[in-house]
Each structure stands twice: as C-alpha cells, then as structure tokens.
Amino acid sequence: PDCAVLVCSVRALKLHSCEAPKVVAGQSLSKEYLEENVDLVEKGTANLVAHIQNLRKHGVQVVVAINRFHTDTDAEHEVIKRVAKANGAFD
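Residues numbered from 1 in each chain as written. Predicted model: local features only at pLDDT ≥ 70, side-chain atom pairs only at ≥ 80, totals over all residues. Heavy atoms only, no water.

Colleague: Would you mind going over unusual backbone geometry with me for this structure?
Modeller: The phi dihedral of C18 is positive, around 65°, even though this residue is not glycine. Structurally, the position occupied by C18 is in the loop between helix 1 (10-16) and helix 2 (31-34). (Helix = DSSP H or I, 4+ residues; strand = E, 2+ residues; numbered from the N terminus.)

Shown next, in the form of structure tokens:
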C-alpha cells in the first residue's frame, strides 16, 4: 500500500498512558477521560509512535486521523498532531 490511515482518539491515548483507570463497559467514564489532561495524552502517544514507526519501517506513508469526542480539547489534539508529525506521519 502507498498509505495507511492510523486512527486514534484522546480516550485511547489516555488509556495507553497506563495512568488512567481502565474503561469498563456499562460504567461511567472516570474524570481522567472527561477533563483535559495533556500529560496523560502525551504519555499515551508512546503507543501511537510505535505504530507509526512500524508502518514507516515498511515504507508506508502514515496519516493519523483523530476520532474526536466532545470531551476532547484542542490542546490534547495539538499534542497528538505534534507527536505524529515529529515521528513521520504525513502532514
């Protein structure tokens, strides 16, 4: 393939930070997922970077798409954009 679309979300990256509580089906989301927390997003981008690097090793251009939820903030999205671009995602 010439390109791969890697879809992520602020919620998923917060979960991948290993510092936010697990998401449990049928239960309300904890405050970590409902309030801005740029630090958790930043830590969770390690998972995103690993996926970008794996795709790039195979010569595939990567586009990162962010699945936006109403609880996301622009600051959290900017972290994702910055990290994705810095690690080879297509701009």
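Colleague: Honestly, the side chain of E76 in this entry has me stumped. Any pointers?
Modeller: Looking at the secondary structure, you find E76 in helix 4 (residues 74-86). Setting aside residues up to four positions removed in sequence, E76 forms contacts with V10, K14, E35, E36, N37, V38, V41 and T71. (Contact = heavy atoms within 4.5 Å.)

Colleague: Explain the side chain of T45 here, please?
Modeller: Inspection of the secondary structure assignment puts T45 in helix 3 (residues 38-57). On the basis of relative accessible area, T45 is assigned to the buried category, the value being 4%. Here the side chain of T45 touches E42 through a polar contact of 2.5 Å, landing on its backbone oxygen. Those residues in contact with T45 that lie beyond four places of it in its chain are L13, V79 and V83. (Buried < 20%, exposed > 50% of the residue type's maximum accessible area, 1.4 Å probe, protein only. Polar contact = N/O pair within 3.5 Å; in protein donor to acceptor, adjacent residues only side chain to side chain.)

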